[in-house]
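The chain contents come next:
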Amino acid sequence: MTEMMKPKMRDYKRQVLVCVGTKCCEHNEGQALYEQLKIKLKQSGLDIGELRVIRSRVGCLGTCQAGPLLCVQPDGVWYYGIDEHKLDKIIEQHLIAGKPVEEWVYHQGPVK
């Protein structure tokens, strides 16, 4: 048996989880949002540096309505009904400036 090498990962400030499940939105909207996020993170310079954001697809975030859904970690901020316009504002206001966009937050936790 060969020895497995431990993976390496660059530092990051936040991780954005994008629900790509089919119960909370239709027509692959979650997957489309995930792909837009990649482009927009690069355009915003958030794919490198101190504010680097990584993105991950998840099959379900457990809410199953009002998608596409995003969850920003480690902030514990959950967003609903995200489209390209809202994604732009979340990137600018939350991921860059550090202030969640309250009007689209449906949950924030864990309680500290």
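Here the structure is a predicted model, which means the values were calculated and not measured.

J.: Got a sec to walk through the sheet that holds strand S4 (residues 77-79)? Specific residues and values, please.
T.: With mixed pairing, the five strands of this open sheet are ordered in space as S2-S1-S3-S4-S5. Two strands close off the open sheet at either side, each with one partner strand: strand S2 (53-58) and strand S5 (105-108). With strand direction ignored, the average angle separating the axes of adjacent strands in the sheet is 20 degrees. Both strand S3 (residues 70-73) and S4 contribute to a ladder of three bridges, which runs antiparallel. Paired with Leu70 across the two strands is Tyr79, which belongs to S4. On top of the sheet, helix H1 (residues 29-43) reaches strand S1 (14-19), S2 and S3; it is set at about 170 degrees to S2, its chief contact. Those strands touched by helix H2 (residues 84-96) are S1, S2, S3 and S4, and its axis lies near 15 degrees from that of S3.

J.: Residues and numbers for H1, please.
T.: Here H1 is 15 residues long and its end C-alpha atoms lie 21 Å apart, about the 21 Å a rise of 1.5 Å per residue gives. On its buried face, H1 sits against S1, S2, S3 and H2. Downstream of H1 by one or two residues, Gly45 has phi in the positive range, about 75 degrees.

J.: Help me get a handle on the packing of aromatic side chains, residues and values and all.
T.: Tallied over the entire structure, the rule returns two aromatic pairs. Ring geometry for Trp78 against Tyr106: centres 6.3 Å apart, planes inclined by 75 degrees, an arrangement best described as edge-to-face. Of this pair, Trp78 sits in strand S4 while Tyr106 sits in strand S5, placing them 28 residues apart in sequence. Centroid distance Tyr80 to Tyr106: 6.2 Å. Interplanar angle 80 degrees. Geometry classified as edge-to-face. Of this pair, Tyr80 sits in the loop between S4 and H2 while Tyr106 sits in strand S5; the two residues are 26 residues apart in sequence, bridging distant segments of the chain. One Lys or Arg, Arg55, reaches over the ring of Tyr34 and ends 3.8 Å from the middle of that ring.

J.: So what about the pairing of S1? Which residues, and what values?
T.: With five of six residues buried, S1 lies mostly within the body of the structure. Across six bridges, S1 lies against S2 in parallel orientation. In the strand pairing of S2, Gln15 is matched with Ile54. Between S1 and its parallel partner S2, the chain crosses via H1, and the hand of that crossover is right-handed. Direction of pairing for S1 relative to S3: antiparallel, over a ladder of four bridges. What sits directly across from Gln15, in S3, is Gln73.

J.: Tell me what's going on with the side chain of Arg14, and back it up with residues and numbers.
T.: Tracing the sequence through the fold places Arg14 in strand S1. For Arg14, a relative accessible area of 8% translates into the label buried. For Arg14, the contacting residues outside a window of four places in its chain are Arg52, Val53, Ile54, Val72, Gln73, Pro74, Asp75, His94, Leu95 and Gly98.

Cut-offs used in this document
Numbers given to residues run from 1 along each chain, matching the order in which its sequence is written. Only residues with pLDDT of at least 70 are given local features in this predicted model, and only at 80 or more are side-chain atom pairs given and counted; all residues enter the totals for whole chains, interfaces and linings. Based on all heavy atoms of the structure, the side-chain values leave hydrogens and waters out of the count. Note on pairing: two strands pair once DSSP finds at least 2 bridges between them. To qualify as a helix, a DSSP run of H or I must reach at least 4 residues; to qualify as a strand, a run of E must reach at least 2; elements of each kind are numbered from the N terminus. Simply put, an axis is a line fit to the C-alpha atoms, just over the touching stretch for a helix, and the angle between two N-to-C directions goes from 0 to 180 degrees. Pairs of residues are marked as contacts when any of their non-hydrogen atoms sit within 4.5 Å. One fewer than the residue count of a helix, multiplied by 1.5 Å, yields its expected span. Centres within 6.5 Å make a pair out of two Phe, Tyr or Trp rings, where for Trp the six-membered ring is used; the pair is then stacked when the planes are under 30 degrees apart, edge-to-face when over 60, and tilted otherwise. Comment: the charge-over-ring label is applied if NZ (Lys) or CZ (Arg) is within 6 Å of the ring centre and within 35 degrees of the ring normal. Only protein chains enter the accessibility calculation, which uses a 1.4 Å probe; a residue is then buried when its area is under 20% of its type maximum, exposed when over 50%, and partly exposed in between. The definition of a right-handed crossover adopted here requires that, viewed with the strands pointing away, the path from the first strand over the helix to the second runs clockwise.

The values reported here are purely geometric and, on their own, carry no functional implication.
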